[in-house]
Amino acid sequence: MDATYRKGPAVWAMLALAGVLLLLSLPMIVGGGYLVLLGGSWYFLLAGLAILSAAVLIWRRSPTGVWLYAATVLATLAWSLWEIDQKGWLPIWQVDLLARMGVLWGLLVVALLLLPALYRHRGHRPGWGARLPGVIALALPGLALLWLLQDRHVDIDSPAQARLAEGASPPAMTEQTSMDWPAYGGDASARRFSEASQITPDNAARLSEAWTFNTGDTPHSDATPYAFQNTPLKVGNSVYVCTQSNQVFALDPGNGEQQWHFDPQVDRDALEHVFSAACRSLAYHETDDPTTQCPRRLLMGTMDGRLMALNADDGSQCTDFGQQGTVDLYEFMDPQAPGYLSNTSGPTVVNDSVIVGHQVTDNQRRDGPSGAVRSYHALTGEWQWTWDAVWTTPDQQPEPGEVYPRGTPNVWAAITADEALGLVYLPTGNPTNDQYGGDRSPEEDAFTASLVAVEADSGDVAWKFTTVIHDLWDYDLGAQPALIDFPTEEGPRAAVVQATKYGQVFVFDRETGEPLRSIEERAVPQGAIEGDWTSPVQPFSPDMPNFGSLPGQEVERLTGAHTWGTTPLDHLYCRIEFQRMRYEGMFTPPTLEEGGMLQFPGILGGINWGSASFDPTRQLMIVNNNRMPSQVVLYPREEADTMDNIAPIGAQDASYIDQQAQPMLGAPVAAERGAWLSPLDMPCTAPPWGFLSATDLNSGEIVWSRPLGTSMDQGPLGIPSRLKMTVGAPTSGGPLATQGGMTFIGAAMDDYLRGFDSATGELIWEQRLPAGGQANPMTYVHQGRQYVVIAAGGSFQSETTLGDSVMAFALPE
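This one's a predicted model, so the numbers in the text were calculated from it and none came from an experiment.

Participant: Would you mind showing me how to read the overall build of the chain here?
Facilitator: Summing up its helical and strand segments, the chain has 11 helices and 41 strands in all. For 813 residues, the compact-globule estimate of 2.2 N^0.38 gives 28 Å, and the chain sits close to it at 28 Å. The C-alpha extent of the chain, read off along each of the three principal axes, is 105 × 65 × 55 Å. Within the chain, buried positions represent 63% of all 813 residues. Intrachain contacts of the chain at a sequence separation of at least 6 include 64% that bridge at least 24 residues.

Dropping the structure here:
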């Protein structure tokens, strides 16, 4: 072999390949050995040893090294397919396989392309047996990518499919000239359904941009947790939009032109210290009382603790409401720091009352602001009653200088009311420390993570149901209760439906609280930390789907096979973390053990504030859900007190975003929690991470289900992949269903608004947005034309593109 050949590019490529394989094999051997000691898979150790041997052989210019590495890759393929099969096969399994195989396959392509040079180095003339494998290996990734870019959904064999296939989509009703969206959930029922039927699966592909409005509301700093989660209202000749800093715009429904603008000048300190700067909705109230200043008014809760009334006609403040148009929501609350108490979901109007709850930033201190829900007169702002888990006299307020009971379960989600029954449905959260409950009172436990029906005129409790007993997982109720006519064997019943973060859906008689679908208590893991306790059982709703799992799985139990990574090394990291964490299935208690606790469904849910849509024509519940575990680590108080950035919000200008762990003052522990991610900032569990599904309300069976969202705007280390692979992304926001047979949703962590056939789940239309669509869309008919509108402004928590756009889409005129 002459010197010129030895120094040629092929030789240098061989040496580089051997070096890369060596660097890959060493952590696989060390980490794989540790994984075996933890009781995990032998694959990484054995594969690491094989790759090391292949690296040495290739370094020595031996073709055997290539064939050994090829055999290792093929063995990895067989092992991966076997593990994926254990989890249940779905159309999305190809993405799981691509991540497991991508890096290894890429190196195999290089190795096979170098194989002829290795044979020449040995003095052999390479034939087709040495050349063909490289050509095939090079072609396969391209074919695989084309395969992965296909849109996919899962059909479920269900009796409802035949019923829907008969033609559930009605013809367009061109006689519709006006149809409004006067409340956050569409109307008082919160079904997120519109009778608008101009847009159908037959014509939705023709939707195009009708108008765009930019609010100009952008974050004051990188530390401001902006989330443009607003669902606009449409009443009469105006569309009303509320921004992250509670600025209100009235827009022309036909062209999006501004009619008026109101800026309440929210305290910037409050905006930078809230958990989430969001205004999900306004409330609308109209009266024929001739003495009132504003017969048509908008009611808004702000980030800095105000309840405001605005004239819907011109945006001026209704000065006959409260004090010159404002009620102080800090009264009797003592928020302790700017932004600690704020209103994000918006108030709810029932008859002439406005009911308001509030957000309290999680896990700061046990003596945080009360969770009290209050009712005020919608015209005068006069206080009427207060409901609280501990406060037993709803018709009374504290004495001057005193406050409502501190740290009680709050209601941060949207509230629903039945005007005819005179009941208000409150979906409650947790006491202010989520992961420790040893100091909770029996009254707090009774009303934690509960659906509470209270009398609209008095605040007295009519009935309640606790969805999680002694909740230590932050499974508070984020979804708005929905009022529907629920099909039963005796005919339709007036029902309230409550979806939960841990994936269960409960159905109750609206008036009495009687379950309309069976509820059973199941044994759950035990073993709380010292001073705390866990319930031996938790309630489940077996006759409705579990939206904390893959479709068709009643309760999904994670194993090492569910771990995932974009390379073998971060996959190995996640696999080791899985073995180190405490995990015994759903409701595994928080722990002080090293590695912490794996929580699945995670803190995000399940089903969160985006809630569900209910199509009464097709008898469908349409809902998006997340499938993302969380990692929760508890630290003893003495260790927590030495950590950096653990002061509660407001202390020395600390903010929620800055916290290394959440302090939970008053508890013997602090908590660090969040999505379970790899060092590459990718989920440690295999996709799909988000679904959109339709459930037949008659049978409780899933009709169709599909992963929702692509990898277009996400990727390792936060770098967008720009590959539009359907991976089923985590979601924030919810769906809208229409009489025309369409379901519209943004929500996913890519910047798209999509339209699906409600009956089949087929993707009919999608539109690229200028920013994330982490908001519930709405629809209305104006002057005979149907519009679909979404706030496209992204979300700080979801790490999507931030913006300030409100976009409307319609069929061509």
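Participant: Just checking my understanding: could you explain the packing of helix α2 (residues 9-37) against helix α10 (residues 568-580) for this structure?
Facilitator: When two helices pack together, their arrangement is given by the angle between the helix axes and the distance between those axes. Contact geometry of α2 with α10 gives a least axis separation of 10 Å together with a crossing angle of 10 degrees. Taken together, the axes of α2 and α10 lie roughly parallel to each other. For α2 against α10, the interelement crossing comes out left-handed. In this structure, α2 uses Leu 24, Pro 27, Met 28, Gly 31, Gly 32, Tyr 34 and Leu 35 to contact α10, whose residues at the interface are Pro 568, Leu 569, Leu 572, Arg 575, Ile 576, Gln 579 and Arg 580. Here the residues of the contact of α2 with α10 are counted per class, giving nine nonpolar, three polar and two charged.

Participant: Just checking my understanding: could you explain the state of the cysteines for this structure?
Facilitator: Each disulfide consists of a covalent bond between the sulfur atoms of two cysteine residues. A complete count under the given rule lists three disulfides for this structure. Here Cys 294 connects covalently by a disulfide to Cys 318, the sulfurs 2.2 Å from one another. The chirality of the disulfide connecting Cys 294 with Cys 318 is left-handed, given an S-S dihedral of about -120 degrees. On the criterion of sequence distance, the pair formed by Cys 294 in the loop between β9 (283-286) and β10 (296-301) and Cys 318 in the loop between β11 (306-311) and β12 (326-328) is long-range, its members being 24 residues apart. Each member of the pair, Cys 294 as well as Cys 318, is classed as buried. In the chain, the bonded cysteines, taken in the order they occur along the sequence, pair up as 1-2, 3-4, 5-6.

Participant: Sorry, what's going on with the pattern of salt bridges here?
Facilitator: One pass over the full model with this rule turns up 33 salt bridges. As a salt-bridge pair, Arg 673 and Asp 362 come within 3.0 Å of each other at their nearest N and O atoms. In this pair, Arg 673 is assigned in strand β32 (residues 669-675) and Asp 362 in the loop between β16 (359-360) and β17 (373-377), connecting sequence segments 311 residues apart. Across the pair, exposure class does not vary: Arg 673 and Asp 362 are buried alike. Among the salt bridges present, the one from Arg 510 reaches Asp 485, with a minimum N-O distance of 3.8 Å. Note that Arg 510 is positioned in the loop between β25 (505-509) and β26 (520-523) and Asp 485 in strand β23 (residues 482-486), a separation of 25 residues in sequence. With relative accessibility at 12%, the residue Arg 510 sits in the buried group. You can call Asp 485 exposed: its relative accessible area is 53%. Through salt bridges with shared partners, a single ionic network connects Glu 83, Asp 96, Arg 100 and Arg 575.

Participant: I tried to follow unusual backbone geometry on my own but got confused; where do I start?
Facilitator: One can expect most non-glycine residues to show negative phi and most peptide bonds to be in trans. With an omega of 0 degrees, the peptide bond running from Phe 600 to Pro 601 counts as cis. Relative to the helices and strands, Pro 601 is located in the loop between β28 (597-599) and β29 (612-615). Of note, the amide linkage connecting Pro 687 to Pro 688 takes the cis form, showing an omega dihedral of 5 degrees. Position of Pro 688 relative to the elements: it lies in the loop between β32 and β33 (690-696). Backbone geometry places Arg 722, a non-glycine residue, at a positive phi of 60 degrees. Looking at where Arg 722 falls in the secondary structure, it is placed in the loop between β34 (702-707) and β35 (736-738).

The rules behind the values
Residues numbered from 1 in each chain as written. Predicted model: local features only at pLDDT ≥ 70, side-chain atom pairs only at ≥ 80, totals over all residues. Heavy atoms only, no water. Helix = DSSP H or I, 4+ residues; strand = E, 2+ residues; numbered from the N terminus. Rg over C-alpha atoms; globule rule 2.2 N^0.38 Å. Buried < 20%, exposed > 50% of the residue type's maximum accessible area, 1.4 Å probe, protein only. Contact = heavy atoms within 4.5 Å. Axes fitted to C-alpha atoms, helices over the stretch in contact; angles between N-to-C directions. Parallel < 35°, antiparallel > 145°, perpendicular 65-115°, else oblique. Left-handed = near helix turned anticlockwise from the far one by under 90°. Nonpolar A, V, L, I, M, F, W, Y, C, P; charged D, E, K, R; others polar. Disulfide = S-S within 2.5 Å. Salt bridge = Lys/Arg side-chain N within 4 Å of Asp/Glu carboxyl O.

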